[in-house]
Protein chains: 2
Amino acid sequence: MTTDISAEEKIKEAARKLFTQKGYAAVKTRDIATEAGINLALLNYYFRSKEKLFEMIMVENIQNFIKGIFGILNKEDTSIETKFEELTSTYIDMLAEQPNLPSFIFNVVREKPDLLLEKLEANSIITNSYFLKQFKAAMEKGEINSSISPIHLLLNFVGLTVFPFIGKPIIQARSGLDQKQFLALMEERKKLIPMWIKTMLKPTN
Amino acid sequence: MTTDISAEEKIKEAARKLFTQKGYAAVKTRDIATEAGINLALLNYYFRSKEKLFEMIMVENIQNFIKGIFGILNKEDTSIETKFEELTSTYIDMLAEQPNLPSFIFNVVREKPDLLLEKLEANSIITNSYFLKQFKAAMEKGEINSSISPIHLLLNFVGLTVFPFIGKPIIQARSGLDQKQFLALMEERKKLIPMWIKTMLKPTN
DNA sequence: AACTATATTAATCAAATGATTAAATTGTTT
DNA sequence: AAACAATTTAATCATTTGATTAATATAGTT
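Being a predicted model, the structure only gives us computed values, none of them experimental. (Residues numbered from 1 in each chain as written. Chains lettered and ligands numbered in written order. Predicted model: local features only at pLDDT ≥ 70, side-chain atom pairs only at ≥ 80, totals over all residues. Heavy atoms only, no water.)

Trainee: Explanation requested: the nonpolar core in the structure shown.
Mentor: Of all hydrophobic cores here, the largest spans 130 residues; its most connected members are Phe19(A), Ile32(A), Phe19(B) and Ile32(B). Residues in contact with Ile32(B), not counting those within four places in the same chain, are Ile11(B), Ala14(B), Ala15(B), Leu18(B), Phe19(B), Val27(B), Leu43(B) and Leu53(B). (Core = buried A, V, L, I, M, F, W, Y, C linked by side-chain atoms within 4.5 Å. Buried < 20%, exposed > 50% of the residue type's maximum accessible area, 1.4 Å probe, protein only. Contact = heavy atoms within 4.5 Å.)

Trainee: I would appreciate a short explanation of the protein's contact with DNA strand D in the present structure.
Mentor: Close to DNA strand D lie 15 residues, the nearest being Tyr46(A), Lys28(B), Thr29(B), Arg30(B) and Lys50(B). Side-chain polar atom of Tyr46(A) to a phosphate oxygen of DNA strand D: 2.8 Å apart, as the coordinates give it. Within the side chain of Arg30(B), an N or O atom sits 2.8 Å from a base nitrogen of DNA strand D. Going through the elements one at a time, helix H3 (40–47) of chain A together with helix H2 (29–36) and helix H3 (40–47) of chain B are the ones with two or more residues in the surface near DNA strand D. Considering each element in turn, the surface near DNA strand D owes the most residues, 4 residues, to H3(A). Within the surface near DNA strand D, the residues separate by chemical class into 8 nonpolar, 4 polar and 3 charged. (Near = heavy atom within 4 Å. Polar contact = N/O pair within 3.5 Å; in protein donor to acceptor, adjacent residues only side chain to side chain. Helix = DSSP H or I, 4+ residues; strand = E, 2+ residues; numbered from the N terminus. Nonpolar A, V, L, I, M, F, W, Y, C, P; charged D, E, K, R; others polar.)

Trainee: When you look at the relation of the copies chain B and chain A in this model, what are you seeing that I'm missing?
Mentor: The operation relating the pair of chain copies consists of a rotation about an axis and a translation along that axis. When chain B is brought onto chain A, the operation consists of a screw motion whose angular component is 180° and whose axial shift is 0.0 Å, with 0.0 Å RMSD remaining. Expressed as an axis order, the relation between the two copies is that of a two-fold axis. The C-alpha atom lying nearest the rotation axis in chain B is that of Gly159(B); the distance is 2.4 Å. Of the interface residues in chain B, 100% have counterparts in chain A that sit at the interface too, so the contact is made through matching surfaces. (Least-squares fit on C-alpha atoms with pLDDT ≥ 70 in both.)

Trainee: So what exactly am I meant to see when it comes to the side chain of Ser129(A) here?
Mentor: Residue and element names in this part refer to chain A. Tracing the backbone shows Ser129 in the loop between helix H8 (113–119) and helix H9 (130–140). Polar side-chain contacts of Ser129 include one of 3.2 Å to the backbone nitrogen of Leu132. Every residue in contact with Ser129, bar those within four places of it in the chain, is listed here: Leu73 and Asn74.

Trainee: Sorry, what's going on with the UniProt feature "domain: HTH tetR-type" (unreviewed entry) in chain A here?
Mentor: As annotated by UniProt and renumbered to match this structure, "domain: HTH tetR-type" (unreviewed entry) occupies residues 5–65 of chain A. As annotated, residues 5–65 of chain A comprises 79% helix and 0% strand, and the C-alpha atoms at either end are separated by 25 Å. (UniProt positions renumbered as here; feature names shortened; annotations may be inferred.)

Trainee: How do you make sense of the interface of chain B and chain A when you look at a structure like this?
Mentor: Size of an interface, as often reported, equals the accessible area lost when the parts are brought together. Contacts between chain B and chain A engage 49 residues on the former and 49 residues on the latter. Around 4000 Å² of area is buried between chain B and chain A when both sides are counted, 69% of it from carbon and sulfur atoms. At the junction of chain B with chain A, the criterion picks out 0 salt bridges. Linking chain B with chain A are 11 residue pairs in polar contact (both at pLDDT 80 or more), by the criterion used here. Counting residues per element, the ones that place at least two in the side of chain B that touches chain A are helix H1 (7–22), helix H7 (101–111), helix H8 (113–119), helix H10 (150–166), helix H11 (168–175) and helix H12 (179–201) of chain B. In terms of residue count, the dominant contributor to the side of chain B that touches chain A is H10(B) (10 residues). (Buried area = accessible area lost by both parts, 1.4 Å probe. Salt bridge = Lys/Arg side-chain N within 4 Å of Asp/Glu carboxyl O.)

Trainee: Looking at this structure, how should I read H12(B)?
Mentor: Three- or four-residue spacings in an α-helix give side chains the same orientation, since the helix completes a turn every 3.6 residues. In a regular helix each residue adds 1.5 Å, so 23 residues correspond to 33 Å; H12(B) covers 33 Å between its end C-alpha atoms and thus fits that length. Maximal helix bending in H12(B) amounts to about 40°, located at Lys190(B); proline Pro194(B) follows within four positions. Residues of H12(B) that are buried include every one of Phe182(B), Leu185(B), Met186(B), Arg189(B), Lys190(B), Leu192(B), Ile193(B), Pro194(B), Trp196(B), Ile197(B), Met200(B) and Leu201(B), and no others. In this fold, the buried residues of H12(B) make contact with helix H10 (150–166) and helix H12 (179–201) of chain A together with helix H6 (80–97), helix H9 (130–140), H10 and H11 of chain B. The N-capping residue of H12(B), defined by a side-chain oxygen 3.1 Å from the backbone nitrogen of Lys180(B), is Asp178(B). (Expected span 1.5 Å × (residues − 1). Bend = angle between axes of the 7 residues up to and from the residue.)

So this is what it looks like as C-alpha cells:
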C-alpha cells in the first residue's frame, strides 16, 4: 500500500523527475500532470506557474548538490588527504542515487544562464572554507606541489568525480556496462580518486 | 564588407549557434529565423523541418567532436605518452574554439536519448584503435599500472580535459576569471594533464 | 522580351502549450 | 445538517509554435 501522497507532493515529485531529466523547455506542463496523475489545473493551483515550480526544483537540486560539502571542508581536525577521501565518497554515493543532478545543473546554465548564477551567489562555500586556509598553509610549507594551483585541483577533483555521471548514458551505451557494473566502477573510484589527487599534490623535488 | 552568404548558410549558422548553446526544445524556429535575419518560411523551404535541421547540426557537431582523435589513436610510431600529449593538445585547442560542444553533446542524450545513440553507432574509434592494442600490450609487459583499467583511464582523460569546459560558465562566474585567464588555465593543462595521466599509469612497485 | 526555375515574402493554419475560469466535489467547522 | 473553505475537475482562453500556402520577386535560359 503506497502511502497516500498529497496532490501537491505528487506534482513536485513528477516535476523533479522530469525537469532533472530533461531540463526546462523540453518538459511540458501536461507531461508533469500526466506523470503525477493529476489534473493540469492543479499545477497552477499549487505552484502558480511552470516557471515557479521549476525554480523551486532547481534550488532544491542545487542544495542537494552542494550540501554535504560544507561540513567536510570545514572540519579542523582532518588532513587534506582525508578531506578528499570523504568528499569523494560522499559525492559518489550522492551521485549514485541522483545521477543526473550534474547534467541538470550544468544545463540550467545553458537554458537560463541568469537564473542559476543568481541563486548561486550565496555559495561561497569553498572560498570561505577552512580547507582553503589549510591548503594555502601546506603550500607555503612546501608540503604541496606548488605547480598545481587550487583551481586546477578543484577542476581535477570535480572532473574526476562528477564527469563519469555526466557521461554515463554515452559510456553505458558504448561500453555495454549495465547499471550494476557502472556502480561497481564508481565504487572503485572512491579509492582511486583520492589516490590520484594525492600523487598530484606530491611535491616534485 | 561581409562576404555575401546565402540564406541557406545563414540559417544553418544561426541554427548551429543556438542549438549548440541551448539545445533543441529551448530554441524556437522563430529564434533561428531572427538570428539569421531571414523569413521564417525559408527554414522549412531549405530544411523541411526543425527536427531535420537539428539532426544535421547534431551530426556535424558530433563529427567535430570526434574528428582528430582517429588519426592520433592510430599512429603506429608514437608512444602511449605521446598520444596523450597530442590528444590533450588537440582537444583543448578544439574546445577553446567551440567550448559548448561537450555540453551540447551530453545534452542531446538528455533531450533525445535515442537520436544521439543511434548516430553514435558508427563510432568504434576507440575500441578498434591501434592505441588499445598498444595499451594492452604495455599492460601485459608490466609497463603500466595494472590496477587502473582502460575505462578508468578514459574517464580520467576525458574528465580532466573536457569537464572544465562543461563547467566553464559556473567556474567563471564563481572565480571571476575572464575569458583570457580561463584560456590561459586551459593552456597550462595541455602540459599538466599528460603529466598526471603519466603518473597514473606508472606501475606501483 | 518571354519563359522558367529558384528564392523570398506576408499571411495564415492547426496543433501545442501555459494558464484561467466556473462549476463540482470533498473536507472541516459550527 | 448547514455553512464555509479547500481541493479537484472539465472546459476554455490566449499565445506560442512549427509548418504551409499562395503570391511576389529574382535570377537564369532561350
